Amino acid sequence: MTDPTELHAATRAIRAGRKGDGTSLAPVLWPTTTFVTPTVDVARKMATSVGADRFYSRYGNPTVAGFEDAIADLEGAEAARAFSSGMGAVSGVVLGLCSSGDHIVAQRQLYAATQLLFQAVCPRFGIEVTFVDGTEPGAFAAAVRPGKTVLVFAETPANPKLDVIDLDEVGAIAGPVTVVDATFATPILQQPLKHGIDLVLHSATKGIGGHNDATLGVVAGSRELIDWLWGFAVLQGASASPYDALNALRGIRTLPIRIRQQSESALVLAQALEARSDVEDVRYPGLPSHPQHDLAMRQMASGGGLVTFDVAGGLDGGRRFVEAVKVAQFATSLGGPETLVTHPASTTHVNLLPDELAANGIGQGTIRVSVGLEHVDDLIADFAQALDAAEAAR
Ligand SMILES: *Cc1c(COP(=O)(O)O)cnc(C)c1O
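Since we're looking at a predicted model, the values are computed, not measured.

Definitions and limits used
Residues numbered from 1 in each chain as written. Predicted model: local features only at pLDDT ≥ 70, side-chain atom pairs only at ≥ 80, totals over all residues. Heavy atoms only, no water. Axes fitted to C-alpha atoms, helices over the stretch in contact; angles between N-to-C directions. Helix = DSSP H or I, 4+ residues; strand = E, 2+ residues; numbered from the N terminus. Parallel < 35°, antiparallel > 145°, perpendicular 65-115°, else oblique. Left-handed = near helix turned anticlockwise from the far one by under 90°. Contact = heavy atoms within 4.5 Å. Nonpolar A, V, L, I, M, F, W, Y, C, P; charged D, E, K, R; others polar. Near = heavy atom within 4 Å. Polar contact = N/O pair within 3.5 Å; in protein donor to acceptor, adjacent residues only side chain to side chain. Areas by Shrake-Rupley, 256 points an atom, 1.4 Å probe, with all protein chains shown as cover. Pairing = 2+ DSSP bridges. Buried < 20%, exposed > 50% of the residue type's maximum accessible area, 1.4 Å probe, protein only. Salt bridge = Lys/Arg side-chain N within 4 Å of Asp/Glu carboxyl O.

Focus: the packing of helix 10 (residues 242–274) against helix 14 (residues 376–392)
Then, in step 1: It is at 10 Å that the axes of helix 10 and helix 14 come closest, and there the two elements cross at 30°. Judged by the angle between their axes, helix 10 and helix 14 are roughly parallel. At the point where helix 10 passes helix 14, the crossing takes the right-handed sense. Where helix 10 approaches helix 14, its residues Ser 265, Val 268, Leu 269, Ala 272 and Leu 273 are matched on the opposing element by Val 376, Leu 379, Ile 380, Phe 383 and Leu 387.
Then, in step 2: Classifying every residue of the contact of helix 10 with helix 14 by side-chain character gives 9 nonpolar, 1 polar and no charged.

What to know about the site of the ligand
Then, in step 1: Near the ligand lie 13 residues; those nearest to it are Gly 86, Met 87, Asp 181, Thr 205 and Lys 206.
Then, in step 2: A distance of 2.8 Å is found between an oxygen atom of the ligand and a side-chain nitrogen or oxygen belonging to Ser 203.
Then, in step 3: For the ligand, whose unbound accessible area comes to 380 Å², protein coverage reaches 91%.
Then, in step 4: Residues that form the shell around the ligand fall into these classes: 4 nonpolar, 6 polar and 3 charged.

Details of the sheet that holds strand 7 (residues 217–221)
Then, in step 1: Overall, mixed pairing links the 7 strands, which are arranged 1-7-6-5-4-2-3 in an open sheet. On the outer flanks of this sheet lie strand 1 (79–83) and strand 3 (128–132), each paired with one strand and no other. The average angle at which neighbouring strand axes cross in this sheet is 20°, direction not considered.
Then, in step 2: Examined bridge by bridge, strand 6 (residues 199–203) and strand 7 share 5 bridges and lie antiparallel to one another. By the bridge assignment, Ser 203 is partnered in strand 7 with Gly 217.
Then, in step 3: Running over the sheet, helix 3 (residues 62–75) touches strand 1, strand 6 and strand 7 and is turned about 130° from strand 1.
Then, in step 4: Relative to the sheet, helix 4 (residues 86–97) contacts strand 1, strand 2 (103–107), strand 4 (149–155), strand 5 (177–181), strand 6 and strand 7, its axis offset from that of strand 6 by approximately 150°.

A few points about unusual backbone geometry
Then, in step 1: Across the junction of Thr 156 and Pro 157, the peptide omega takes the value -15°, indicating a cis bond.
Then, in step 2: Structurally, Pro 157 is set in the loop between strand 4 and helix 7 (167–171).
Then, in step 3: Note the cis peptide between Asn 159 and Pro 160, where omega equals -25°.
Then, in step 4: By the element assignment, Pro 160 lies in the loop between strand 4 and helix 7.
Then, in step 5: For Thr 186, which is not a glycine, the phi torsion comes out positive at approximately 55°.
Then, in step 6: Relative to the helices and strands, Thr 186 resides in helix 8 (residues 186–189).
Then, in step 7: In this structure Thr 186 comes out as buried when scored by relative accessible area, which is 1%.
Then, in step 8: Residue Asn 212 is not a glycine yet carries a positive backbone phi of 55°.
Then, in step 9: Counting through the fold element by element, Asn 212 comes out in the loop between strand 6 and strand 7.

Quick look at the pairing of strand 5
Then, in step 1: Taken across its 5 residues, strand 5 has 5 buried, putting it largely inside the fold.
Then, in step 2: Residues Val 177, Val 179 and Asp 181 point to one face of strand 5 and Thr 178 and Val 180 to the other, with burial holding for every one of them.
Then, in step 3: Sheet topology places strand 4 next to strand 5; 5 bridges connect them, and they run parallel. Across the sheet, the residue bridging to Leu 151 is Val 177, located in strand 5.
Then, in step 4: Pairing of strand 5 with strand 6, which is carried by 3 bridges, proceeds in the parallel orientation. Looking at the pairing, Asp 181 lines up with Leu 201 of strand 6.

Side note on the pattern of salt bridges
Then, in step 1: Taken as a whole and judged by the stated rule, the model has 14 salt bridges.
Then, in step 2: For the salt bridge of Arg 145 with Glu 128, the shortest nitrogen-to-oxygen distance reads 3.1 Å. Separated by 17 residues along the polypeptide, Arg 145 in the loop between helix 6 (139–143) and strand 4 and Glu 128 in strand 3 bring together distant segments of the chain.
Then, in step 3: A salt bridge links Arg 276 to Asp 388, with the shortest nitrogen-to-oxygen separation between them at 2.7 Å.

Overview of the pairing of strand 9 (residues 306–311)
Then, in step 1: With 6 of 6 residues buried, strand 9 lies mostly within the body of the structure.
Then, in step 2: The alternating pattern of strand 9 places Leu 306, Thr 308 and Asp 310 and Val 307, Phe 309 and Val 311 on opposite faces, both of which are buried.
Then, in step 3: Relative to strand 9, strand 8 (residues 279–283) runs antiparallel, the two sharing 3 bridges. Along strand 9, the bridge assignment pairs Val 279 with Val 311.
Then, in step 4: Both strand 9 and strand 12 (residues 366–370) contribute to a ladder of 5 bridges, which runs antiparallel. Paired with Val 307 across the strands is Val 369, a residue of strand 12.

Remember that the coordinates give geometry; whether it matters functionally is a separate question.
Right, here's the structure in full:
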């Protein structure tokens, strides 16, 4: 038999995470919160076994374990742990690994809630965070304080301007645990662990779940690190719901084909946007105009499904555009079948100060697009009419 790790990702996405399903072809849903134990000895063993998935569902659950196995398989990881949301995974990693007096090096370009966790929550626990420009060569390593820095946190491609961070460079940092939030890429476009990164995490709410019907997070890495995180996660309590894990397992089956189509459409849409004079700073990792295009093409299989651009006319231009789209919809999230447009300055990044917005390259007219599975010609026509409407109102 072929070594399963040699199979293509598209094949592994179909086969992964089926261990606990017996003869059922579809994943089996275990909604139970608890499990019957035959003897005290068995109960004691389960209560003290890291990763037990037949004891109490906050510790682990067979349906959730199927999802975790599937992610570990796609990431080339020894193990994975699911959380009740992407932020559950982020806070689980940060608070599970860091203690008072510790130091973190984090990228400046981050999902806004992650940034707030570093800025507002970490200091309350005596954890110091240094932010660096992740696109500046050597910036992460230069900010590491030997013996004091316990975590290096990167995100690539990053929110919301799709900055690409050099995975080899972060993976080469020795000492602290290196973590990459790879939500925008999913395991299909890049595998950070192959670049020497210690932990990869995802908001599976996005592309992995892929249908906007599961709020879920996941972290993958070595068995040792995941077991350590499990010890904190059981106390943190942000455990994944088996219903969400079931939906996400279904999502994983079509993840490679969805990502392929979304990448293809995103590139065509980005090219169409670049050709317009009322649009500025189109950012798409698959476009030669992207500042880290060469790096992106080295470490990603394709550019992915997200595009960012600036509408002329600032806040008014951005507002008119998102309110004028008809095929796309104005909603905060990404990675699903529906094309969504967001206005970061008034939604995801609304809590940032003006200079923080500027430092992240977010203008009042910045639009982030998650390209869905509609026909790309319909999207191009829709964006054109919405941009025309925004332009006419100026
Ligand atoms: C959405 C998102 C998160 C948070 O995930 P939730 O499931 O909403 O908690 C973290 N990182 C990135 C890059 C995201 O897009």
